[in-house]
Amino acid sequence: MSDYDFEAIETRWQKRWHDEGTFEVREDASRPKFYCLEMLPYPSGDIHVGHVRNYCITDVVSRVKRMQGFNVLHPIGWDALGLPAENAAIKRGTHPETWTRSNIASMKQQLQRMGFSYPWSREIATCDADYYHWNQWTFLRMLERGIAYRQKAPVNWCPSCQTVLANEQAEGGICWRCKSAIQEREMDQWFLRITNYQDELLDDMNGLTEWPERVLVQQKNWIGRSPGAHVDFAVAGEKEPIRVFTTRVDTICGATFLLLAPEHPRVEALMASVAGDEARAAVARLHRQDRRARLAGQVEKEGVFTGRHAVNPFNGERIPIWVGNFVLMGYGTGAIMSVPAHDQRDFEFARKYDLNVRVVIQPDGPALSGDTLTECYSGPGKLVNSGEWNGLDWEAAKDKMAAHAEAKGFGKATVTYRLKDWLISRQRYWGTPIPVVYCDKCGVKGVPDSELPIKLPPDAPFTGEGGNPLEKVESFVKAKCPSCGGPARRETDTMDTFVDSSWYFYRYCSPKYAGGPFDPKAVAHWFPIDLYVGGIEHAILHLIYSRFWTKVLRDLGLVKDAEPVTRLFPQGMVHWKGEVMSKSKGNTIAPDDVNARYGADTLRLYVLFAAPPEMSLEWSEEGIEGPHRFLLRLVRLVGRHADVLRPLAGQPMPAELSAAARDLRRRTHQAIAKISEDVSERLQLNTAVAALMKLSNEIHAAEPALQDDPAGRFALREAVVTLVQLLNPFAPHVTEELWEKLQPAGTGPLVDTRWPVADAAVAREETVELAVQVNGKVRARISVAAGTAEEAIRAAALAEPKVVEQIAGKEIVKVVVVPGRLVSVVVK
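What comes next is a walk through the structure. (Residues numbered from 1 in each chain as written. Predicted model: local features only at pLDDT ≥ 70, side-chain atom pairs only at ≥ 80, totals over all residues. Heavy atoms only, no water.)

**Topic: the side chain of arginine 507**
The residue arginine 507 is located in helix 15 (residues 504-507) in this model. No salt bridge is formed by the buried arginine 507; its nearest oppositely charged neighbour, aspartate 130, is found at 5.1 Å. A distance of 3.1 Å separates a polar side-chain atom of arginine 507 from the backbone oxygen of proline 511. (Helix = DSSP H or I, 4+ residues; strand = E, 2+ residues; numbered from the N terminus. Buried < 20%, exposed > 50% of the residue type's maximum accessible area, 1.4 Å probe, protein only. Lys, Arg positive; Asp, Glu negative; His and termini not counted. Salt bridge = Lys/Arg side-chain N within 4 Å of Asp/Glu carboxyl O. Polar contact = N/O pair within 3.5 Å; in protein donor to acceptor, adjacent residues only side chain to side chain.)

Below you can see the structure in the form of structure tokens.
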């Protein structure tokens, strides 16, 4: 029916769900809980069909779980603070809050138009003062415990965003938001001591069995736990040795030079008496090179000889000390022993500057020589050219040589980490004010809890020039010291927006709670999150920060679990015209346009059917026609039979059914089993939609044989009603409408029914078709009754005429039955 008014039907049901509070939820210990969540959206202005796909995944799972009897929490909110809103407001000459609230209203309307099953009474926005109040409260608890601290440090400065970025937000020397090149500056900044939890963050990954391995690998690499050893190299004429960190102490006798970072604090003093102006100028130039580019290997390896030498404590060898631009402070000690035969970066540096290359790990096979190596050897082997350590296996040597260093007092085994403390200071307005003041007498003081929240002043000037707008609001900056009562200056930095998203999922449990960040009893009921859907790009940002925040909340006694999420599912992106759909690229498709033409149910079905949810999807205007035709075909099917099938509601299935009716029942219950597994366990929603379409085709194929068969109509009704029920989470509006047509008046909405359960006996095939192979080639097919004994199957296969022809005159070696698939006959 081309004139079927999807828009009218969808808006009618959306209004009913809203008016009746269908998806509102409260704690209920009598039912199993299921907390299903997608990462909260940033209110950038509009949603596009890429967002819709993400939200459809959680909506389908939530609806199925609800119909299966679970008490489902499936909330939504807004990650509403941050640089983009402030930049957009400056560009448009408006206030960030005005811009943000307008976007929230628009996007909320779009989400509601899609029919998502959100309990809107739990909606939160992180720009609400009653939300960021608890950012501040938690910060103060961290300050009391030494987790929050302030220090001067080299930081990543984005000249475009005019703010500092955390390391995770400046990978590759590029701003994660605006893609500008990062500069390094030294400033007083606020940090959170995430490194206090680095071992726990790593070790607890062992329990994250339902997280994708690729996410865990990224987090492990970012935390970067490296077992190794510290070793002190004496410097001639100096009291203090140079300490290096190495993960390969077994190769230390192959160290032919030391390398220091250009910013190492010993460099200037080491070079003062021996190096000329040219050498010192070269080191200064290396120091000025972009730190991120140096780390990423994006600059040519360069070095400068300091003119000084160190002594290898393991063999007494005197080796030169160089400065190298690929060594950085903050990673290890800022000094490395260079073993060019067994480290590629050292090898390339040594070849460039004609430094000695000595092999100390010899693998099985032809002997390696430092003179002829064309690249380093980093594999296993036994030690050579290592004095008393010769002949040791390389792994065993690590422990023994580290123990030797400790016994002799020039080193010891240790562990270093790549993870650095989380820098949360941002020199912008639209963020959570950091709740401290600076008093000339008392120093840095946290504000009293009674003064929270410290609210953002609405009258800050937004010109895009001159730094942080908060610094220009005198009424905000002027404060009173909570200790002495004297004048104080309020902190004008605001918190990184990832603070807001590190704990928002707890606030959903009790969004109006005023006694703390959340009601611990409500959190105890709902947590942990059972399914969390979001982008893989958050693996080393949000997903590490939120795990850290949870552990802090646990240590504060607010939560019991050490991990917030049981199952993580990174969804694929939607592409159009060969690129990821993005507002910045101008290649977005608004759901409003699609809804106006096809209806929200069609859009929902298409984005779930077009590709597996974890894979990328290429948007296709032609592709959406298929799901639309499928829904229209179902509407026509119900229209043809509703009047006949409705009176059969509640009546038992007849005992005697035709073969066609039994077959349709079988297909129906097989579909129930497959779709239930695909949604609840495998999260393969595209194959679930395919199974729905297959069942529809099977119903249409059986329709002529059953529509005039009084008993067969019961099987037809079961199939049609089941199809409507199974389709409901995917296309909730049209199926509610069809449900009303199929049920007696007063039955109640489909959303409140129980999910169908497959009857294994009905789903079992009456006959099974098996391929028969002779020496690996299929020669025939046989049909046998389900449950037939293997001996009878062998006999039937060997009696098949085409098989008899193939084995005539030959010796049968063996006959193997693979249940449900084939019979393999081997002859000679």
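Let us keep going from here.
**Side note on the pattern of salt bridges**
Oppositely charged side chains can pair when the atoms bearing their charge come close. Overall, the coordinates contain 52 salt bridges when judged by the stated rule. In this structure, glutamate 200 engages lysine 551 in a salt bridge whose closest nitrogen and oxygen atoms are separated by 4.0 Å. You can see glutamate 200 sitting in helix 6 (residues 198-203) and its partner lysine 551 sitting in helix 17 (residues 542-555), a full 351 residues away along the chain. Accessibility expressed as a relative area gives 0% for lysine 551, which makes it buried. Among the salt bridges present, the one from arginine 646 reaches aspartate 643, with a minimum N-O distance of 3.2 Å.

**With respect to the packing of helix 21 (residues 659-682) against helix 23 (residues 712-727)**
Two elements in contact, helix 21 and helix 23, have axes separated by 9 Å at closest approach and are oriented at 20 degrees. As the angle between them shows, helix 21 and helix 23 are arranged roughly parallel. Crossing geometry of helix 21 relative to helix 23 is assigned as left-handed. Contacts between helix 21 and helix 23 pair Ala661, Leu664, Arg665, Thr668, His669, Ala671, Ile672 and Ile675 from the former with Gly712, Ala715, Leu716, Glu718, Ala719, Thr722 and Leu726 from the latter. The residue inventory of the contact of helix 21 with helix 23, partitioned by class, reads nine nonpolar, four polar and two charged. (Axes fitted to C-alpha atoms, helices over the stretch in contact; angles between N-to-C directions. Parallel < 35°, antiparallel > 145°, perpendicular 65-115°, else oblique. Left-handed = near helix turned anticlockwise from the far one by under 90°. Contact = heavy atoms within 4.5 Å. Nonpolar A, V, L, I, M, F, W, Y, C, P; charged D, E, K, R; others polar.)

**Notes on the state of the cysteines**
Chemically, a disulfide is nothing more than a covalent bond linking the sulfur atoms of two cysteines. Inspection of the entire model under this criterion finds zero disulfides. The thiol of cysteine 178 is unpaired, and the distance to the nearest cysteine sulfur, on cysteine 158, comes to 3.5 Å. Cysteine 178 gets classed as partly exposed once you look at its relative accessible area, which sits at 31%. No disulfide involves cysteine 442; its sulfur sits 3.8 Å from that of cysteine 481, the nearest cysteine. (Disulfide = S-S within 2.5 Å.)

**A few points about the packing of aromatic side chains**
The relative placement of two aromatic rings is captured by the distance of their centres and the angle of their planes. The final tally for this structure, using the stated rule, is 33 aromatic pairs. Between tyrosine 35 and phenylalanine 527, the ring centres sit 5.4 Å apart and the planes meet at 85 degrees, which makes this aromatic pair edge-to-face. With a gap of 492 residues between them, tyrosine 35 in strand 1 (residues 33-38) and phenylalanine 527 in the loop between helix 16 (520-526) and strand 24 (531-534) connect regions that are remote in the sequence. With respect to burial, tyrosine 35 and phenylalanine 527 carry one shared label: buried. Centre to centre, the rings of tyrosine 429 and phenylalanine 462 are 4.8 Å apart; their planes meet at 85 degrees, and the pair counts as edge-to-face. Highlighted residues: tyrosine 429 in the loop between strand 18 (425-426) and strand 19 (436-439) and phenylalanine 462 in the loop between strand 20 (443-446) and helix 13 (474-477), separated in sequence by 33 residues. (Phe/Tyr/Trp six-rings, centres within 6.5 Å; stacked < 30°, edge-to-face > 60°.)

**A few points about the pairing of strand 8 (residues 226-235)**
On a regular strand, one side chain projects to one face of the sheet and the next to the other, so that they alternate. For strand 8, the buried fraction is high: seven of the 10 residues fall into the buried class. The pairing of strand 8 with strand 16 (residues 411-416) spans six bridges and is antiparallel. Residue pairing for strand 16: valine 231 is matched across the bridge by glycine 411. Where strand 8 meets strand 9 (residues 242-246), five bridges bridge the pair, whose relative direction is antiparallel. Residue pairing across strands places aspartate 232 opposite arginine 243, the latter belonging to strand 9. What sits between the antiparallel neighbours strand 8 and strand 9 is a turn of six residues, in which glycine 237 has the positive phi angle 85 degrees. Of the strand pairs in this sheet, strand 8 and strand 11 (residues 303-311) are connected by two bridges, and their pairing is antiparallel. In the strand pairing of strand 11, alanine 234 is matched with valine 311. (Pairing = 2+ DSSP bridges.)

**So, the sheet that holds strand 25 (residues 568-570)**
Strand order across the open sheet formed by four strands is 2-1-24-25, with parallel pairing between neighbours. The sheet is open, and its two edges are formed by strand 2 (71-73) and strand 25, each paired on a single side. Adjacent strand axes in the sheet meet at a mean angle of 15 degrees, parallel and antiparallel pairs treated alike. As paired strands, strand 1 and strand 24 are joined by three bridges and run parallel to one another.

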